[in-house]
Amino acid sequence: MSFSSLDAQILHILNSYAGFDPIVVFLSVAGADILWVLIAAILFISISKEKALYYCSMMLFLVEAVALIKSQLMVPRPEDVRFVVEASGYSMPSAHSTAAFATAMFLYPVAKKYGILIWSGAIAMALSRVFAGVHYPSDVIAGVVLGIMIGYLWLQIESYFQKKSM
């Protein structure tokens, strides 16, 4: 069995669970922009304007990086599945998964007591993309890895500039 056939089999299995559709739709809509704007607002109000600015700049970078990677890889979206939500463009990497894991990585140092919630939310967001039928598991895995890398990079950038300003 090849990796691509395993990828498709996992997609078809997870996509067949219609009972998760309301959660999948909610996460897709929330992950489209609402959640990220809400997180930026919370950071702005409760932590600092600077932390919110770093978060917003990370998200802008992420959007551009994902778009560039998608345009280079040109992986088509799954076919012959139940589409729970609409999605267009290329599939790899999953932008929702990238954003969710970059956010989790970025927030974890300042919200450790909510760590289980943060990482569980990122996992739920990533899995929802496969359940929705709009991504293969490999798209999501690529998004997870990319998101963790971007979140870590942004923490390093933030740390560098904070040390420089002292």
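Above this text you will find the structure in question.
Definitions and limits used
- Residues numbered from 1 in each chain as written.
- Predicted model: local features only at pLDDT ≥ 70, side-chain atom pairs only at ≥ 80, totals over all residues.
- Heavy atoms only, no water.
- Axes fitted to C-alpha atoms, helices over the stretch in contact; angles between N-to-C directions.
- Helix = DSSP H or I, 4+ residues; strand = E, 2+ residues; numbered from the N terminus.
- Left-handed = near helix turned anticlockwise from the far one by under 90°.
- Contact = heavy atoms within 4.5 Å.
- Nonpolar A, V, L, I, M, F, W, Y, C, P; charged D, E, K, R; others polar.
- Phe/Tyr/Trp six-rings, centres within 6.5 Å; stacked < 30°, edge-to-face > 60°.
- Buried < 20%, exposed > 50% of the residue type's maximum accessible area, 1.4 Å probe, protein only.
- Patch = residues over 30% accessible without salt bridge, like charges linked within 9 Å, V, L, I, M, F, W, Y side chains within 5 Å.
- Areas by Shrake-Rupley, 256 points an atom, 1.4 Å probe, with all protein chains shown as cover.
- Salt bridge = Lys/Arg side-chain N within 4 Å of Asp/Glu carboxyl O.
- Core = buried A, V, L, I, M, F, W, Y, C linked by side-chain atoms within 4.5 Å.
- Parallel < 35°, antiparallel > 145°, perpendicular 65-115°, else oblique.
- Expected span 1.5 Å × (residues − 1).

## Remarks on the packing of helix α4 (residues 95-107) against helix α6 (residues 137-164)
Move 1: Two numbers describe how α4 lies on α6: the axes approach to 7 Å, and their chain directions differ by 35 degrees. The element α4 and its partner α6 pack so that their crossing is right-handed. Two secondary-structure elements touch here, α4 through Ser97, Thr98, Phe101, Ala102, Met105 and Phe106 and α6 through Val140, Gly143, Val144, Leu146, Gly147, Ile148, Ile150, Gly151, Tyr152, Trp154, Leu155 and Glu158.
Move 2: Looking at the contact of α4 with α6 residue by residue, the classes come out as twelve nonpolar, five polar and one charged.

## Structural notes on the packing of aromatic side chains
Move 1: Taken as a whole and judged by the stated rule, the model has six aromatic pairs.
Move 2: Both rings, one in Tyr55 and one in Phe106, keep their centres 5.8 Å apart while their planes meet at 40 degrees; by these two values the pair is tilted. Taken as a pair, Tyr55 in helix α3 (residues 49-73) and Phe106 in helix α4 lie far apart in primary sequence, 51 residues in all. Summarising the burial analysis for this pair, Tyr55 and Phe106 share the class buried.
Move 3: Ring geometry for Tyr108 versus Trp119: centroids 6.4 Å apart, planes at 55 degrees, classification tilted. On the criterion of sequence distance, the pair formed by Tyr108 in the loop between α4 and α5 (115-131) and Trp119 in helix α5 is long-range, its members being eleven residues apart.
Move 4: A relative accessible area of 23% places Trp119 in the partly exposed class.
Move 5: Through pairs of rings, three or more aromatic residues link up here, namely Phe101, Tyr108 and Trp119.

## Comments concerning a nonpolar patch on the surface
Move 1: There is a patch of nonpolar side chains on the surface, built from Ile13, Tyr17, Phe20 and Ile23 and spanning about 410 Å² of accessible area.
Move 2: Mapped onto the secondary structure, Phe20 falls in the loop between α1 (3-15) and α2 (21-46).

## Brief notes about the nonpolar core
Move 1: In this structure, Trp36, Tyr55, Met58, Phe106 and Ile150 are the most contacted members of the largest nonpolar core, which totals 42 residues.
Move 2: Elements that contribute at least two residues to this core include exactly α1, α2, α3, α4, α5 and α6.

## Structural notes on the packing of α4 against α5
Geometrically, a packed helix pair is captured by the angle between its two axes and the distance between the axes.
Move 1: Viewed as axis vectors pointing N to C, α4 and α5 meet at an angle of 175 degrees, and their least axial separation amounts to 8 Å. By the angle between their directions, the pair α4 and α5 is classed as roughly antiparallel. In this structure, α4 uses His96, Ser97, Ala100, Phe101, Ala104, Met105 and Leu107 to contact α5, whose residues at the interface are Ile118, Trp119, Ala122, Ile123, Met125, Ala126 and Arg129.
Move 2: Tallied by class, residues from the contact of α4 with α5 come to eleven nonpolar, two polar and one charged.

## What about α3?
Move 1: The terminal C-alpha atoms of α3 lie 36 Å apart, and with 25 residues this matches the ideal 36 Å at 1.5 Å per residue to within 8%.
Move 2: Taken together, the buried positions of α3 are occupied by Lys51, Ala52, Tyr54, Tyr55, Met58, Met59, Leu62, Ala65, Val66 and Lys70.
Move 3: Positive phi appears at Met74, one or two residues downstream of α3, with a value of about 50 degrees.

## Details of the pattern of salt bridges
Move 1: The final tally for this structure, using the stated rule, is two salt bridges.
Move 2: Notably, a salt bridge pairs Glu158 with Lys51, separated by 2.8 Å at the nearest N-O pair. Placement of Glu158 in helix α6 and of Lys51 in helix α3 is noted, with a sequence separation of 107 residues between them. With respect to class, Glu158 is no different from Lys51; both count as buried.

## Some details on the environment of Ile39
Move 1: Mapping Ile39 onto the fold places it in helix α2.
Move 2: As a C-alpha pair, Ile39 and Ala52 span 13 residues in sequence and 8.3 Å in three-dimensional space.
Move 3: Sequence-distant contacts of Ile39, that is, excluding residues within four places in its chain, are made with Tyr55, Thr103 and Leu107.

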